[in-house]
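# Summary of structural features
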Amino acid sequence: MITKQDCQQINDYIWEIPTGFKEQMNVPVWIFADEELLEEALKDLSVTQAVNVACLPGLAGHVAIMPDVHQGYGMPIGGVMAAKVPDGIISPGAVGYDINCGVRVLASQIDYNSAKPYLSDLATSLYRNCPSGVGEKGSIPLSADELDKMCRQGAKWALEQGYAEAEDLSRTEEFGCLEGADPGSVSKRAKDRGRGQLGTLGAGNHFLEVDVVEEIFDPQAAEIMGLYQGCLVIQIHCGSRGFGHQICTDYVQDFQLAVINYGIQLPDRELVCAPINSKEGQAYLGAMKAAANFAFANRQALAYHARRSFAEVFGSPEKPLRQVYDIAHNMAKIETHKINGEEMTVCVHRKGATRAFGPGFEGLAPEYQKIGQPVLVPGSMGTESWILLGTKANDELSFGSSCHGAGRVMSRSKAKKEIRGDRLRKDLEKEGINVRAGSMPGLAEEAPKAYKDVNRVVETVSHAGIAQKVARLRPVAVVKG
DNA sequence: ATGTAC
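Treat the numbers as computed from the prediction; the structure is a model and nothing was measured. (Residues numbered from 1 in each chain as written. Chains lettered and ligands numbered in written order. Predicted model: local features only at pLDDT ≥ 70, side-chain atom pairs only at ≥ 80, totals over all residues. Heavy atoms only, no water.)

### Focus on the UniProt feature "binding site: Mn(2+) 1" (unreviewed entry) in chain A
The UniProt entry lists Asp98 and His206 under the feature "binding site: Mn(2+) 1" (unreviewed entry), expressed in the numbering used here. The greatest C-alpha distance among the annotated residues, which extend across 109 residues, is 10.7 Å, indicating that they converge on a single site. Note on placement: Asp98 falls in the loop between β6 (89–90) and β7 (102–111). Asp98 gets classed as buried once you look at its relative accessible area, which sits at 16%. Other than its neighbours up to four places away in sequence, Asp98 contacts His206, Gly239, Ser240, Arg241 and Asn330. Secondary-structure assignment places His206 in the loop between α8 (188–194) and β8 (207–216). Given a relative accessible area of 7%, His206 falls into the buried group. What His206 contacts, discounting residues up to four positions off in sequence, is Asp98, Cys101, Leu201, His237, Cys238, Gly239 and Lys480. A distance of 3.2 Å separates a polar atom in the side chain of His206 from the backbone oxygen of Leu201. (UniProt positions renumbered as here; feature names shortened; annotations may be inferred. Helix = DSSP H or I, 4+ residues; strand = E, 2+ residues; numbered from the N terminus. Buried < 20%, exposed > 50% of the residue type's maximum accessible area, 1.4 Å probe, protein only. Contact = heavy atoms within 4.5 Å. Polar contact = N/O pair within 3.5 Å; in protein donor to acceptor, adjacent residues only side chain to side chain.)

Rendered as structure tokens:
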């Protein structure tokens, strides 16, 4: 059991567990949290898992955990780990089962007050146009060749197919396409599962949400992003569906052997990994990129469906839904960072954490090179969400990373036992939130009280200096599987 | 997160 006494306070929002805490630790753990969120983080296995991650070979700097952290498979959700390239490792469990799970925000210039009478119709239309739930019903089916092409090209494929605007791609992380995706490293089983799932929402914490821009903190950045106070935006939270899930399953299994072959000592079997430059490591990287591109194309297809719904309900708007950004929060990427004063190439594993690069980064659209990368932080269902900007200072603090959401505090099983979905739906509707959900137990799992306070999480990242506030959003319609 | 069990 790790306690507060084991954490050395660096400042009001950063705590360190030094390498001396456990003999096998190779780097320290940094916890981004205020006192209350630190206590929250210590209640489950989050910090223990972060310490386990810090025992992996070939790491750089420290392991970082975000204020929305909670325990996950091997590595906590809300964790960031940088492995040295070429001497370090890559770990599927440190990316997560939902490869390139992420969030996309599109903004409108439709005023909430005038749209209010139509929000129920909008929610119904979104629920109808965006297939949801476990499985593959109602998707855009692909041939084997077409699936491979889509995996190589990501959102570029979606643009060719007519599901995207050119600006969507310029406002997507990596422009919606990771180079080097290798469909040859993806199992037939994963492809069979993925073929029929493009353009589907899935279940669990995936959702569509219509919000109103409630408060703007950085008018210049909001203007550039296309966010207007009092206007509607839509958030899309989804990933690589059964395709990425199967790829993670396959490589977690394959790597059990790699760990033995390369003589890697593991603190936890769930942290199986392989040297990044080994044939196993490269195969996973190629497959992970294929899943990442699947997810970019998937969110693009969902954006296409969302635009159809807005057009159905509001007519063809003279000012269309414009993409703000699309961001990944389960991914491993090769990047260069300044670590303990030294420029290093590392494989940054972000699991339930986002990239949050500051101004000047060339991999952004020109208008975002000026202000920094947008960071999209959805709150729990029925609570606020945030749009932030990455900073320059976060390079040395968190490998250019920030938080990804509110963070779960109650297990899915406990939430299902304690909360009635139909009651929750009524409560949300009473607050003026239109709810369309395929599963009432599924809705209960996502109840606001199963999550931390997203506003406190955002206060923490902003005071810690890893992201800054641009706008707060308030939900008015939620669509779930 | 997930054809929630190959």
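### Examining the protein's contact with DNA strand B
Close to DNA strand B lie 15 residues, the nearest being Arg193, Ala203, Asn205, Arg241 and Arg412. Taking all atoms of DNA strand B within 4 Å of the protein, the share assigned to sugar and phosphate is 68%. Taken together, the elements giving at least two residues each to the surface near DNA strand B come down to α8 and α10 (241–261). By residue number, the principal contributor to the surface near DNA strand B is α10, which donates four residues. When grouped by side-chain class, the residues that make up the surface near DNA strand B number three nonpolar, eight polar and four charged. (Near = heavy atom within 4 Å. Nonpolar A, V, L, I, M, F, W, Y, C, P; charged D, E, K, R; others polar.)

### Structural notes on the UniProt feature "binding site: Mn(2+) 2" (unreviewed entry) in chain A
Per the UniProt annotation, the sites labelled "binding site: Mn(2+) 2" (unreviewed entry) are His237 and His329. These residues run over 93 residues, yet every pair of their C-alpha atoms falls within 10.3 Å of each other. Looking at the element boundaries, His237 is found in strand β9 (residues 231–238). On the basis of relative accessibility, which here comes to 5%, the residue His237 falls in the buried class. Polar side-chain contacts of His237 include one of 3.1 Å to the backbone oxygen of Asn205. With respect to the helices, strands and loops of the structure, His329 is situated in the loop between β11 (322–328) and β12 (330–339). The class of His329 is buried, set by a relative accessible area of 2%. The residues touching His329, leaving out its near neighbours within four places in the chain, are Cys101, Gly102, Val103, His237, Arg350, Lys351, Gly352, Ala353, Thr354 and His404.

### Focus: the pairing of β11
Burial analysis of β11 places six of its seven residues in the buried class, which makes it a mostly covered element. Note that β7 and β11 share six bridges and pair antiparallel. From the neighbouring strand, Val105 faces β11, where its bridge partner is Tyr325. (Pairing = 2+ DSSP bridges.)

### Quick word on the packing of helix α4 (residues 119–129) against helix α11 (residues 279–314)
One way to put it is that α4 packs onto α11 with a least axis distance of 9 Å and a crossing angle of 145°. When the axes of α4 and α11 are compared, the crossing they make is right-handed. Together, Asp121, Leu122, Ser125, Leu126, Arg128 and Asn129 of α4 and His305, Ala306, Arg308, Ser309, Phe310, Glu312, Val313 and Phe314 of α11 make up the contact between the two elements. A class-by-class count of the residues in the contact of α4 with α11 yields six nonpolar, four polar and four charged. (Axes fitted to C-alpha atoms, helices over the stretch in contact; angles between N-to-C directions. Left-handed = near helix turned anticlockwise from the far one by under 90°.)

### Let's talk about the packing of helix α5 (residues 144–153) against α11
At a closest axis distance of 7 Å, the pairing of α5 and α11 adopts a crossing angle of 95°. The angle between the axes of α5 and α11 places the two elements in the roughly perpendicular class. Contacts between α5 and α11 involve Leu147, Met150, Cys151, Arg152 and Gln153 on the former and, on the latter, Lys289, Ala290, Asn293, Phe294 and Ala297. Split into classes, the residues belonging to the contact of α5 with α11 amount to six nonpolar, two polar and two charged. (Parallel < 35°, antiparallel > 145°, perpendicular 65-115°, else oblique.)

### Focus: the pattern of salt bridges
Summed over all chains, the structure comprises 35 salt bridges. Notably, a salt bridge pairs Glu312 with Arg128, separated by 3.5 Å at the nearest N-O pair. Taken as a pair, Glu312 in helix α11 and Arg128 in helix α4 lie far apart in primary sequence, 184 residues in all. For Glu312, a relative accessible area of 44% translates into the label partly exposed. Arg171 is the partner of Glu167 in a salt bridge, and the nearest nitrogen-oxygen pair spans 3.9 Å. Among the residues examined, Glu167 registers a relative accessible area of 27% and is labelled partly exposed. On the accessibility criterion, Arg171 (0% relative accessible area) is buried. Via salt bridges that share partners, Arg408, Arg412, Lys416, Glu445 and Glu446 belong to a single interconnected network. (Salt bridge = Lys/Arg side-chain N within 4 Å of Asp/Glu carboxyl O.)

### Let's talk about the sheet that holds strand β3 (residues 29–32)
The strand order across the open sheet built from seven strands is β1-β2-β3-β4-β5-β13-β12, with neighbouring strands paired in mixed fashion. Whereas interior strands pair on both sides, the edge strands pair on one side only; in this sheet they are β1 (8–11) and β12. The mean inter-strand angle of the sheet, taken between neighbouring strand axes irrespective of direction, is 30°. Direction of pairing for strand β4 (residues 63–70) relative to strand β5 (residues 77–84): antiparallel, over a ladder of three bridges.

### A few points about the packing of aromatic side chains
Throughout the structure, instances matching the rule amount to 12 aromatic pairs. A ring pair is formed by Tyr163 and Tyr304, whose centres lie 4.9 Å apart and whose planes are at 70°; its orientation type is edge-to-face. Separated by 141 residues along the polypeptide, Tyr163 in the loop between α6 (155–160) and α7 (166–170) and Tyr304 in helix α11 bring together distant segments of the chain. Residue Tyr304 is classed as partly exposed on the basis of its relative accessible area of 29%. Ring centres of Phe357 and Phe361 lie 4.8 Å apart, and the angle between their planes is 90°; this geometry places the pair in the edge-to-face category. In this structure Phe357 comes out as buried when scored by relative accessible area, which is 11%. The partly exposed category is assigned to Phe361, whose relative accessible area is 27%. Put simply, the rings of Tyr118, Phe310 and Phe314 touch in pairs and so form one group of aromatic residues. (Phe/Tyr/Trp six-rings, centres within 6.5 Å; stacked < 30°, edge-to-face > 60°.)

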